[in-house]
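# Architecture and fold: a report
Read off the chains here:
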Amino acid sequence: MVRISGVEIYHEKIRYKEPFRIALGTSTESNNIVVRLVDSSGNEGWGEGSPSRAILGETLDLVFEEAKKIAAEILGKDLDSEGLYEIVMKSKSPSAAAAFDIAFHDLKAKRLGVPLYKLLGGYRSSIETDITIGIMEPDEVAERAEKYVKMGFKVLKIKLGEKPEKDLLRIEKVRERIGDKIGIRVDANQGWSVEEAIYMAEQLESFNVELIEQPVKWNDFEGLAKVRKASNIPVAADESAKTPSDVVKLAKIDAVDIVNIKLMKTRGIWGAIKVAAVSEAAGIENMIGCMGETRLGITAAVHVSQALANITINDLDSDLLHGEEVVIEGGASISNGVRRAGDRPGLGIVKLDMSKLRLISRYGKV
Ligand code: MG
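Since we're looking at a predicted model, the values are computed, not measured.

With that settled, the discussion passes to the coordination of the magnesium ion. The coordination sphere of the magnesium ion, as far as protein atoms go, consists of Asp-187 (OD), Glu-213 (OE) and Asp-238 (OD), spread over 2.1 to 2.3 Å. Taken in sequence order, the residues that donate to the magnesium ion follow the motif D-x25-E-x24-D. Of this pair, Asp-187 sits in strand β8 (residues 183–187) while Asp-238 sits in the loop between β10 (235–237) and α10 (244–252), and the two are 51 residues apart along the sequence. In this structure, Asp-187 and Asp-238 share a single accessibility class: buried.

If you walk across this open sheet you meet the eight strands as β6-β7-β8-β9-β10-β11-β12-β13, and the pairing is parallel. Only two strands of the sheet have a single neighbouring strand rather than two, namely β6 (131–133) and β13 (311–314). Taking each pair of neighbouring strands and ignoring which way they run, the sheet shows an average axis angle of 30°. Relative to strand β9 (residues 209–213), β8 runs parallel, the two being bridged by four bridges. Its bridge partner being in β9, Val-186 is matched across the sheet by Ile-212. This element, helix α6 (residues 138–150), spans β6 and β7 (155–159) of the sheet and lies at about 165° to β6.

A separate point is empty space enclosed by the protein. Enumeration according to the criterion identifies one cavity of 30 Å³ or more in this entry. Of the volumes computed, that of the largest cavity is approximately 40 Å³. Around the largest cavity, the lining residues are Tyr-85, Met-89, Lys-242, Thr-243, Pro-244, Lys-265, Thr-266, Arg-267 and Gly-271. Among the residues making up the lining of the largest cavity, the classes are represented as three nonpolar, three polar and three charged.

In this section: the packing of helix α2 (residues 60–74) against helix α3 (residues 81–88). At a closest axis distance of 11 Å, the pairing of α2 and α3 adopts a crossing angle of 140°. Of the possible angle classes, the one that applies to α2 and α3 is oblique. Judged by the sense of rotation from one axis to the other, the crossing of α2 with α3 is right-handed. Contacts between α2 and α3 involve Ile-70, Glu-73 and Ile-74 on the former and, on the latter, Leu-84, Ile-87 and Val-88. Each residue belonging to the contact of α2 with α3 can be placed in one class, and the counts come to five nonpolar, no polar and one charged.

Assigned domains within the protein: domain 1 (2–113 + 354–364) and domain 2 (119–350). Relative to domain 2, the C-alpha centre of domain 1 lies at a distance of 23 Å. Taken together, the contact between domain 1 and domain 2 spans 45 residues of the former and 45 residues of the latter. Here domain 1 and domain 2 share an interface that buries about 3,800 Å² over both sides, 64% of which is from carbon and sulfur atoms. Put simply, domain 1 and domain 2 have 21 residue pairs in polar contact (both at pLDDT 80 or more) between them.

With that out of the way, let us pick up the pairing of strand β11 (residues 258–262). The buried fraction of β11 amounts to five of the five residues, a majority that puts the element mostly inside the structure. Burial along β11 is two-sided: the residues Ile-258, Asn-260 and Lys-262 and Val-259 and Ile-261 are all buried. When β11 meets strand β12 (residues 285–289), the two strands line up parallel, connected through five bridges. Note on β12: the bridge partner recorded for Ile-258 is Glu-285.

It is the rolling of a water-molecule-sized probe over the atoms that shows where space remains empty. Put simply, the largest pocket is a space of about 770 Å³. Taken together, 32 residues line the largest pocket, and the ones lying closest to its centre are Tyr-16, Ser-27, Pro-51, Ser-52 and Arg-53. Mapped onto the lining of the largest pocket, the elements with two or more residues apiece are β1 (2–22), β2 (25–39), α1 (53–56), β7 and α14 (318–321). The biggest single contributor to the lining of the largest pocket is β2, with seven residues. Here the lining of the largest pocket is built from residues that sort into 11 nonpolar, 13 polar and eight charged. Both of domain 1 (2–113 + 354–364) and domain 2 (119–350) provide at least three residues apiece to the lining of the largest pocket. What the second largest pocket holds in volume is close to 270 Å³. If you go around the second largest pocket, you meet 19 residues; those closest to its centre are Lys-17, Glu-18, Arg-144, Tyr-148 and Leu-321. Listed by contribution, the elements that provide at least two residues to the lining of the second largest pocket are β1, β6, α6 and α14. A per-element tally of the lining of the second largest pocket places β1 first, with six residues.

Calculation notes
Residues numbered from 1 in each chain as written. Predicted model: local features only at pLDDT ≥ 70, side-chain atom pairs only at ≥ 80, totals over all residues. Heavy atoms only, no water. Donors = N, O, S within 2.8 Å, 3.2 Å for Na, K, Ca; no water. Helix = DSSP H or I, 4+ residues; strand = E, 2+ residues; numbered from the N terminus. Buried < 20%, exposed > 50% of the residue type's maximum accessible area, 1.4 Å probe, protein only. Pairing = 2+ DSSP bridges. Axes fitted to C-alpha atoms, helices over the stretch in contact; angles between N-to-C directions. Contact = heavy atoms within 4.5 Å. 1 Å grid on protein atoms, 1.4 Å probe; cavity = no way out; pocket = protein on both sides within 12 Å on 5 of 7 lines; lining within 4 Å. Points joined across faces, edges and corners; volume = space filled by probe spheres on them. Nonpolar A, V, L, I, M, F, W, Y, C, P; charged D, E, K, R; others polar. Parallel < 35°, antiparallel > 145°, perpendicular 65-115°, else oblique. Left-handed = near helix turned anticlockwise from the far one by under 90°. Domains from an automatic or database assignment. Buried area = accessible area lost by both parts, 1.4 Å probe. Polar contact = N/O pair within 3.5 Å; in protein donor to acceptor, adjacent residues only side chain to side chain.

The following block contains the structure:
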């Protein structure tokens, strides 16, 4: 059990290098919540949540309002992972919940003196991530793909979800430019109809595409199942799969091959472990992705991915798309697409740039 004796809630605004466009909209900055938890011996844990209006229905005001409620509820209480999970599951803000859960697990692992991934399962010591290319003109996508390959990335994730002919042209141009050895994943972010998705699955086969993520509307589970049945390329659910019970519903109708876990959807690490366990039991592979986290939140996801065998596909790159960073020292490293959480205790974050954090509220003894 961990007794939380102090809580701090911060707002963090981080610019993208350039506007990041997907089928659901364009982002120019991440407006995130950062949480610091302190125990009675002065150990601290840090967590981050990256809200999403389009996917999680969150506004920044709601996130901070909900964070204050969680803070008031956990202060002075003896908690462990499952008890905190019960509390954060009641929250109207999944990303505020995630920030608390991540900070709690950072603190818990630090108290035990172990890197978080070893506490959670310790399956591997590194992972390989793709890097994402937003929606751009086909020639620009190809140019960007070449740049990332030169930087050492072996797998690219390309955002689609516009008209099929233009989407196809994007992939055609990318393949032409980067050759056959680089992996390509595509994500339509719900942009296609079922008919368009089936057509695209057929057409994309000759370009050796690894997976098609969220081809149709998030609540169209039957549609997803139709696409999966018609497609020779594995189909992944992202927006459709937020909770363990979503995965059960998808599994019952054989709707997907892959479920994309995001700590922001699962309300943190403990929920992610549950989604992974349900997926594994259903014979569904896991991918792990992100919203707009800095290296702080991404590091938590790298620990989870290193911990669990069922997570085999990694899309942990939002910090690489930002033009600024809150983590000054420590956290997950990146080299040629390979990320390592490292072996420092907890998340392994050594130093944060406090000038990027604006205090929203403070509770107890910090
Ligand atoms: Mg996605």
